[in-house]
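If you want the building blocks of each chain, they are given just below.
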Amino acid sequence: MTAMTKREFDEDDGARVKRVKTESNGDGKTAAGSNPYLAHWNDEQPATKSEYGSGGGLDGFKRHATTTKQASAAEDGPNNAFTGRPLSSKYMSILKKRRDLPVHQQRHEFLKLYQESQILVFVGETGSGKTTQIPQFVLFDDLPQQNAKMVACTQPRRVAAMSVAQRVAEEMDVELGQEVGYSIRFEDKTGPNTILKYMTDGMLLREAMHDNNLTRYSTIILDEAHERTLATDILMGLLKEVVLRRKDLKLIIMSATLDATKFQKYFHNAPLLAVPGRTHPVEVFYTPAPERDYVEAALRTVLQIHATEPEGDILLFLTGEEEIEDACRKINLEAQDLSREGGAGPLVVYPLYGSLPPAQQQKIFNPAPPPATPGGRPGRKCIVSTNIAETSLTIDGIVYVVDPGFSKQKVYNPRIRVESLLVSPISKASAQQRAGRAGRTRPGKCFRLYTETAFKKELIEQTYPEILRSNLASTVLELKKLGVDDLVHFDLMDPPAPETLMRALEELNYLACLDDEGELTTLGGLASQFPLDPALAVMLITSPEFYCSNEILSLTALLSVPQIFVRPAANRKRADEMKELFAHPKGDQLTMLNVYHAFRSEEAQANPKQWCHDHFLSYRALQQADNVRLQLKRIMEREELELMSTPFENKKYYENIQRALVAGFFMQVAKRDGNGKSYITVKDEQNVLLHPSTVLAEDSEWVIYNEFVLTTKNYIRTVTSVKPEWLIDISPNYYDLAQFKKGEIKQALQRVVTKFQRKEAEQGRR
Amino acid sequence: MAQSDEEDDYMNMVFEDAPKGPKHETSLQRAARKRKEGEARARQKTKAEREADEEAAREASLATALPESNKGFKMMAKFGFKQGDTLGQSNDARKEPIRVNVKDDRGGIGLESEKKRKFREQWEEAERLAKRSKEEEGDYLEIRRQEQKEKKAERDLDSAQRTAERLSEKEAEEKDSLESGEKPLKNINVLWRSRARRRVEIKRDKQQRRELNDSIASRLPTLADADDGDDDSKVAQGRDLAPFYTTLENDLDDEDPELAEFEALPVAERLLKLLTFLRDAHQYCLYCGYQYPDAEMEGCPGLTEEDHD
């Protein structure tokens, strides 16, 4: 808490400097006077109403009693209502477009309901403009600057938070990071002037940990609530209580699907406002019989559409990166043949998935190619996407949707403690959403690659919310920190199975974050300060005890970013050779550390991008790791955790790191099964194999792993060898042999204990 | 290095888990047993075995709920949680975690259940057949004998029909020589009508083939006489055939419930009917191969073949 306030003061100072800059722009007026948002830190001279000249500004605006007319007039300018600066011509042209958006038609109705009630459920389909416009409508009525508050708008995805904030800053004719900013994990682009903050739902949850009543905000908008992310669900549970304590806080739940009545019911029958989407009818086709191979069927369908259907772009839903890239290649080849034979126009194929670099993602907005010859058959683009294109992205021009009915979904099962992404059938709601994508520009067609009976009988109604499919250890720690004591009766919209909570509590207890009574320990309180999984947080916090906090800090950062190794399908061998350069015989974590140290070397930093490219490493991921490391380092310094390293010459250098790893990951250990290749996980007793990507060179009887991946085989990924005596030494609670089932693992551990005792006895005798 | 560990391991197991093992084991026996055990341990499991193990362990764990001894359970109990309760405040909260289903192929939605359905059907069919063959169990020879008998009966039926037709026609000719030629099928005795019908069918097939040849020929340009210009005659040719065609077709296409009913009877029964007819109408015995002069049929041992044995 104190740390937060301190930070704000610091930033205030920084902003004053910035203000001097604006003054020197020759505006003539003092920025403090022209910017109503600065009023709250300028006590001597409160901003008064009539200082904006003839520019309109926010004259006569009374909080929660404004009208659409007033707001429109203020938007028309000529000066920016929030900064007082003259509005640009770009602003004006954007304003015109904004007023064409479907939500604009209902601004009046919205305002009325917003003013009347504390909680409001707002339904608007993707493309209605709700994400960009509603927060602005709110600004003109909530006037957060008058009370030194902010309006928050949450997004499930980091990318969305960033790009929407950028867009809205443009719409409001302000600089991103000033009046409009964003805040995502490991990146805060807001300032003291910020009145509208786009943020990930996870970030708002973290803020709530420090400020249980979220006092910085006057209105909170939970956007894309239909996606039911873990953080959104927890936030809804929290805010349901906060609104009772804070009558001045307004809450808007925004959803893109019509099943909003569930939200209404949950929030004590809050009023609902729906903006009809601008959609065209979509004709849905089913296959007569189930498909043997949904990918092949999808490719066939795409090519058939391309060859026979009139103009219009195609959107194909597949499940993951590899599948998508493969499909793109195949469609490309076939389509070239088609157009060469004169059967069709040119076809451009774009992949779309989360881990694709942003520049590549942008390509999907390129217009379709022109006909090969003037007057020839029209060109077409085909986007092959994961379910990101289902709700969160609006791509115009899509007329044909091909839906095989699968997506990759996170699954967690507390019984075997595995959290994995598995290809699973989508829900009916998802299927409808997908079909809807075909009707954005004109009437469209949706080809479902399953039978109508299968649609009715096999698909579940709604996708399971994330909270039912996640490990809750992190969430439980957050909730405890938030002061929610009784987790059993915490009012969630869809409570998970009790075993999920049971397992989370148990894990946190073993990590010593919760005591046997379920109360937060000092370590737990400290761990909750880090935006990390509890195991990683505990590893980081305890790392000074192993004299390697610098290294563990780097490693934690590396484990928090996407895969750093790049292995392009066309160049696998070369990529593996390069990885071999960094390989550490004791395992992947140490190998990653080698990579990071090499990346930070002078040689690499001379031209890091090229260096990464040459070594088949992801520059983006490493850069991100750098950033994450810096953020975590700040928290460590704030919490007075010492940063240190064992001298590299010391033969215990690597052993210390391995021991520190055990301190966080002692619950993710596997022992080799006999002499074979397979391993058995400790306690859960699952048979697993080392993931093919591992570099572990030594014959290792015991390993810790970062991930248990469930595919057709059970794999453990990112492994490092450890010694069994470390396990017993570092986590005696978890390795209490009385709790173990009889078997090979228990025997092996028993031997270690016996050896220990013998040694001790011998020493005692001497 | 690993080897010595294994040795240790083995020793340990003997002392701990099998203290009451055979005390008097010769060194040879011991060595043999050791070798065997070592081999068993060293043997790498096949991929299939390993995968089966993997899945079995996974399924077993997935089916087992966390026990009340779980530390988390105790913490939850503090807030009044009991086994079987759900979380939160809604009435329809989950009790069980969501099932984990690993998809290991690219089968489309519905394929799995379609396969299951087909499999179930096949299984049911197999079961039904198995049941039937069990009922018919009796030995193979019995079945063969039955088959032979049936075939014989069919042959007998055919010759009986042939004879009956021949005798009837002869009788008809003797009675009224005028009435000959084509008789509508309906007027033929149902006992051998199937023979007549077969003949008509053959005739029609031939007719059709000829017709087809004709029409192909007529369409072939080389065969068409350009000067003649009598297209009409060709049309006429086609038309000429029409009436015959229609009668045939009508005859064949007409429903014949009488015949159908007769044909539906088992061979043995049909044969019996014919044998009876031959005796009653013509004093003929198929097995004697002789037409007796009077209804007494003296010398014929009986109606059936068995009687003639």
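Conventions and cut-offs
Residues numbered from 1 in each chain as written. Chains lettered and ligands numbered in written order. Predicted model: local features only at pLDDT ≥ 70, side-chain atom pairs only at ≥ 80, totals over all residues. Heavy atoms only, no water. Pairing = 2+ DSSP bridges. Helix = DSSP H or I, 4+ residues; strand = E, 2+ residues; numbered from the N terminus. Axes fitted to C-alpha atoms, helices over the stretch in contact; angles between N-to-C directions. Contact = heavy atoms within 4.5 Å. Buried area = accessible area lost by both parts, 1.4 Å probe. Salt bridge = Lys/Arg side-chain N within 4 Å of Asp/Glu carboxyl O. Polar contact = N/O pair within 3.5 Å; in protein donor to acceptor, adjacent residues only side chain to side chain. Nonpolar A, V, L, I, M, F, W, Y, C, P; charged D, E, K, R; others polar. Buried < 20%, exposed > 50% of the residue type's maximum accessible area, 1.4 Å probe, protein only. Parallel < 35°, antiparallel > 145°, perpendicular 65-115°, else oblique. Arc of directions from axis to C-beta. UniProt positions renumbered as here; feature names shortened; annotations may be inferred. Core = buried A, V, L, I, M, F, W, Y, C linked by side-chain atoms within 4.5 Å. 1 Å grid on protein atoms, 1.4 Å probe; cavity = no way out; pocket = protein on both sides within 12 Å on 5 of 7 lines; lining within 4 Å. Points joined across faces, edges and corners; volume = space filled by probe spheres on them. Phe/Tyr/Trp six-rings, centres within 6.5 Å; stacked < 30°, edge-to-face > 60°. Lys NZ or Arg CZ within 6 Å of the ring centre and 35° of its normal.

Quick look at the sheet that holds strand S10 (residues 313–317) of chain A
Residues and elements named next belong to chain A. The 6 strands lie next to each other as S9-S16-S13-S10-S12-S11, forming an open sheet whose pairing is parallel. In the strand order of this sheet, the two ends are held by strand S9 (282–286) and strand S11 (347–352), each with one partner. Geometrically, the sheet is characterised by an average inter-axis angle of 20 degrees between neighbouring strands, direction not taken into account. Examined bridge by bridge, S10 and strand S13 (residues 398–403) share 4 bridges and lie parallel to one another. Residue Leu-315 lies in a different strand from S13, and its bridge partner there is Val-401.

Let's talk about the interface of chain A and chain B
On the chain B side, the residues contacting the 70 residues of chain A number 59 residues. Buried area between chain A and chain B, summed over both chains or domains, comes out near 5,900 Å², and the portion from carbon and sulfur atoms is 60%. When residues of chain A are sorted by the area they lose upon contact with chain B, Arg-415, Val-488 and Met-502 of chain A head the list and together hold 12% of the total. In this assembly, chain A and chain B are joined by 3 salt bridges. Here Lys-78 of chain B ties to Glu-519 of chain A by a salt bridge, and the two come within 3.5 Å at their closest N and O atoms. Here chain A and chain B share 18 residue pairs in polar contact (both at pLDDT 80 or more) between them. Counting only elements with at least two residues in the side of chain A that touches chain B, the list comes to helix H12 (294–308), helix H13 (321–340), strand S14 (406–413), strand S15 (418–425), helix H17 (452–458), helix H19 (498–510), strand S19 (687–690) and helix H30 (744–765) of chain A. Top element by residues in the side of chain A that touches chain B is H19 of chain A. It accounts for 9 residues. Across the side of chain A that touches chain B, the residue classes break down as 30 nonpolar, 15 polar and 25 charged.

Some details on the pairing of strand S8 (residues 272–275) of chain A
All names here are of chain A. Burial along S8 is one-sided: the face carrying Leu-273 and Val-275 is buried and the face carrying Leu-272 and Ala-274 is not. Pairing of strand S1 (residues 119–124) with S8 involves 4 bridges; the strand directions are parallel. Within S8, the position partnered with Gly-124 by the bridge is Val-275.

Digging into the packing of helix H3 (residues 68–76) of chain A against helix H6 (residues 107–116) of chain A
The relative placement of two packed helices comes down to the angle between their axes together with the axis-to-axis distance. Residue and element names in this part refer to chain A. Where H3 contacts H6, the two axes come as close as 10 Å, and the packing angle between them is 120 degrees. By the criterion of interaxial angle, the relationship of H3 to H6 is oblique. Across from Thr-68, Ala-71 and Glu-75 in H3, the residues of H6 making contact are Arg-107, His-108 and Leu-111.

Let's talk about the environment of Gly-376 of chain A
Assignment of secondary structure puts Gly-376 of chain A in the loop between helix H14 (358–362) and strand S12 (380–385). Remark: the alpha-carbon pair of Gly-376 of chain A and Gly-342 of chain A, spanning 34 residues in sequence, is separated by 9.6 Å.

A short note on the side chain of Ser-218 of chain A
Inspection of the secondary structure puts Ser-218 of chain A in strand S6 (residues 217–222). Those residues in contact with Ser-218 of chain A that sit more than four places away from it in its chain are Arg-63, Asp-142, Pro-144, Lys-149, Met-150, Val-151, Arg-246, Asp-248, Leu-249 and Lys-250 of chain A.

Some thoughts on the environment of Arg-193 of chain B
Residues and elements named next belong to chain B. Mapping Arg-193 onto the fold places it in helix H7 (residues 193–219). For Arg-193, a relative accessible area of 2% puts it in the buried group. When the C-alpha positions of Arg-193 and Phe-262 are compared, they lie 9.9 Å apart, and in sequence the two are 69 residues distant. Residue contacts for Arg-193: discarding those within four places in its chain leaves Leu-185, Lys-186, Ile-188, Asp-256, Glu-258 and Leu-259.

Regarding helix H4 (residues 89–98) of chain A
All names here are of chain A. Of all the positions in H4, only Tyr-91, Ile-94, Leu-95 and Arg-98 are classed as buried. The arc enclosing the buried residues of H4, seen along the axis, measures out at 110 degrees, which places them on a common side. Residues of H4 that are exposed and angled more than 90 degrees away from the buried face: Ser-89, Lys-96 and Lys-97. Packed against the buried residues of H4 are H3, helix H5 (102–105), helix H7 (130–142) and helix H8 (158–171).

Description of the UniProt feature "domain: G-patch" (unreviewed entry) in chain B
Summarizing the sequence annotation, UniProt attributes the feature "domain: G-patch" (unreviewed entry) to residues 68–114 of chain B in the numbering used throughout. Annotated as 23% helix and 0% strand, the span residues 68–114 of chain B places its first and last C-alpha atoms 40 Å apart.

Some details on the pairing of S6 of chain A
Residue and element names in this part refer to chain A. Of all 6 residues making up S6, 6 are buried, and the element is well covered by its neighbours. Here strand S2 (residues 150–155) runs beside S6; their pairing, made up of 5 bridges, is parallel. Bridge pairing in S6 places Cys-153 opposite Ile-221. In terms of strand pairing, S6 meets strand S7 (residues 250–255) through 4 bridges, oriented parallel.

Examining the nonpolar core
Residues and elements named next belong to chain A. If you look at the biggest cluster of nonpolar residues, it comprises 131 residues, and the most contacted ones within it are Ile-220, Phe-530 and Tyr-735. Tallying contributions element by element places helix H10 (residues 230–245) first for this core, with 9 residues. Residue contacts for Tyr-735: discarding those within four places in its chain leaves Phe-666, Val-669, Val-682, Leu-727, Ile-728, Phe-740 and Leu-749. By size, the runner-up hydrophobic cluster in this structure holds 39 residues, among which are Phe-110, Leu-139, Ala-161 and Ile-195.

Concerning empty space enclosed by the protein
With the rule as written, the count across this model stands at 7 cavities of 30 Å³ or more. In this model, the largest cavity occupies a volume close to 110 Å³. Around the largest cavity, the lining residues are Ile-234, Ile-467, Leu-472, Thr-475, Val-476, Leu-479, Leu-487, Phe-490, Leu-492, Pro-496 and Leu-501 of chain A together with Leu-87 of chain B. Residue composition of the lining of the largest cavity, grouped by class: 11 nonpolar, 1 polar and no charged. By volume, the second largest cavity amounts to about 90 Å³.

Things to note about the pattern of salt bridges
Residue and element names in this part refer to chain A. If you walk through the whole model with that rule in mind, you get 70 salt bridges over all chains. Note that Arg-98 is salt-bridged to Glu-171, the shortest N-O span being 3.5 Å. Highlighted residues: Arg-98 in helix H4 and Glu-171 in helix H8, separated in sequence by 73 residues. For the pair Arg-98 and Glu-171, a shared accessibility class is recorded, and that class is buried. One salt bridge connects Lys-573 with Glu-577, and the closest N-O pair in it is separated by 4.0 Å. You can see Lys-573 and its partner Glu-577 sitting in helix H23 (residues 572–582), 4 residues apart, about one turn around the helix. A residue is classified by how much of its surface remains accessible, and Lys-573, at 65% relative accessible area, is exposed. Exposure remark for Glu-577: the relative accessible area of 40% places this residue in the partly exposed category.

A word on the packing of aromatic side chains
Enumeration according to the criterion identifies 23 aromatic pairs over all chains in this entry. A centroid spacing of 4.9 Å and a plane angle of 90 degrees characterise the contact between Tyr-290 of chain B and Tyr-292 of chain B, whose relative ring orientation is edge-to-face. Judged by relative accessible area, which is 10%, Tyr-292 of chain B ranks as buried. An aromatic cluster of at least three residues, connected via ring pairs, comprises Tyr-510, Phe-666, Tyr-734, Tyr-735 and Phe-740 of chain A. The cationic tip of Lys-250 of chain A hangs over the ring face of Tyr-114 of chain A; the distance from NZ or CZ to the ring centre is 5.1 Å. Lying over the aromatic face of Trp-702 of chain A, Lys-671 of chain A brings its terminal NZ or CZ to 6.0 Å of the ring centre.

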